[in-house]
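Chains, contacts and geometry: an overview
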Amino acid sequence: MSSIKNQLETLVALQHAETEILSIERDLAGIDGHIETLNAEVEEYEDRMAAFRSSLDALKLQYRTDEREIKVIDSQIGKSKEKLRSVKTNKKYQSILKEIDDLKHKSSDIEDRMLEHLDRVETADSELAVRETDLAEVKKEVAAKQEEIRQ
């Protein structure tokens, strides 16, 4: 009878161990899912950062393009002023003055646009610095959570 009792106790202990193993395996499967979720969140944040950087680069590119356009306009104004010195008729003189005035207005509009771009670039640069700091903190938190989960 004690042999059957010992066998039953062994079977109960074995069943308890198997139940615990299954529970641990379920927990581990959940942990892997949780780790994947954390990694996905970090990747999503990094993707948003890349898109933000891309839009910032586009703003900077537009600013540089406007800068080059201003130089071209300034060059055209200089050439028009040179032509102005050699003009013989009043009509041609007025025409060149109008051309110079139009170029100056165009230049002024571009400079205004450049100032807007510059403001947006400065704002975006400071926001990017904040976001990069946030990303570093998120990565650190995720790494700590993953380590905690693994332990």
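Check the entry above for the structure.
Residues numbered from 1 in each chain as written. Predicted model: local features only at pLDDT ≥ 70, side-chain atom pairs only at ≥ 80, totals over all residues. Heavy atoms only, no water.

Below, the discussion takes up the overall build of the protein chain. The helix and strand inventory of the protein chain stands at two helices and zero strands. For the protein chain, whose C-alpha radius of gyration is 36 Å, the value lies well above the compact-globule estimate of 15 Å for 151 residues. Here the C-alpha coordinates of the protein chain stretch approximately 130 × 20 × 15 Å along the principal axes. Here the contacts in the protein chain between residues at least 6 apart in sequence split such that 81% fall between residues at least 24 apart. When the accessible area of the protein chain is evaluated, it comes to approximately 11500 Å², of which 54% is carbon and sulfur surface. Placing the 25 positive and 35 negative side-chain charges of the protein chain at their respective mean positions leaves the two points 15 Å apart. (Helix = DSSP H or I, 4+ residues; strand = E, 2+ residues; numbered from the N terminus. Rg over C-alpha atoms; globule rule 2.2 N^0.38 Å. Contact = heavy atoms within 4.5 Å. Areas by Shrake-Rupley, 256 points an atom, 1.4 Å probe, with all protein chains shown as cover. Lys, Arg positive; Asp, Glu negative; His and termini not counted. Charge placed at Lys NZ, Arg CZ, Asp CG, Glu CD.)

Considering the arrangement of structural elements, one finds Ser107 in helix 2 (residues 90-150). The class of Ser107 is buried, set by a relative accessible area of 6%. Ignoring anything within four residues of it in the chain, the contact list for Ser107 reads Ile70, Ile73 and Asp74. (Buried < 20%, exposed > 50% of the residue type's maximum accessible area, 1.4 Å probe, protein only.)

What follows deals with the packing of aromatic side chains. To describe a pair of aromatic rings, one takes the distance between the centres and the angle between the planes. For the structure on display, the rule yields zero aromatic pairs. It is Arg131 that lies over the ring of Phe52; its NZ or CZ is 4.2 Å from the centre. (Phe/Tyr/Trp six-rings, centres within 6.5 Å; stacked < 30°, edge-to-face > 60°. Lys NZ or Arg CZ within 6 Å of the ring centre and 35° of its normal.)

As a further point, take the pattern of salt bridges. Within this structure, the stated rule accounts for nine salt bridges. A salt bridge links Arg48 to Glu44; its shortest N-O distance comes to 3.0 Å. One end of the pair is Arg48 and the other is Glu44, both in helix 1 (residues 2-85) and four residues apart, which spans about a single turn. One salt bridge connects Lys60 with Asp125, and the closest N-O pair in it is separated by 3.7 Å. Here the residue Lys60 occupies a position in helix 1, and Asp125 occupies one in helix 2, the gap between them amounting to 65 residues. On the basis of relative accessible area, Asp125 is assigned to the partly exposed category, the value being 32%. (Salt bridge = Lys/Arg side-chain N within 4 Å of Asp/Glu carboxyl O.)

On to the packing of helix 1 against helix 2. The interhelical angle for the contact between helix 1 and helix 2, taken along N-to-C directions, is 165°, at an axis separation of 7 Å. Relative to helix 2, the element helix 1 lies roughly antiparallel. When you trace helix 1 past helix 2, the crossing you get is left-handed. Classifying every residue of the contact of helix 1 with helix 2 gives 29 nonpolar, eight polar and 24 charged. (Axes fitted to C-alpha atoms, helices over the stretch in contact; angles between N-to-C directions. Parallel < 35°, antiparallel > 145°, perpendicular 65-115°, else oblique. Left-handed = near helix turned anticlockwise from the far one by under 90°. Nonpolar A, V, L, I, M, F, W, Y, C, P; charged D, E, K, R; others polar.)

Among the secondary structure elements, Asp66 is positioned in helix 1. Of the residues examined, Asp66 reaches a relative accessible area of 0% and is grouped as buried. A distance of 2.8 Å separates a polar atom in the side chain of Asp66 from a polar atom in the side chain of Arg113. Those residues in contact with Asp66 that lie beyond four places of it in its chain are Ile110, Arg113, Met114 and His117. (Polar contact = N/O pair within 3.5 Å; in protein donor to acceptor, adjacent residues only side chain to side chain.)

What follows concerns a nonpolar patch on the surface. On the surface, a nonpolar cluster with roughly 400 Å² of combined accessible area is contributed by Ile4, Leu8, Leu11 and Leu14. Within the element layout of this structure, Ile4 appears in helix 1. (Patch = residues over 30% accessible without salt bridge, like charges linked within 9 Å, V, L, I, M, F, W, Y side chains within 5 Å.)

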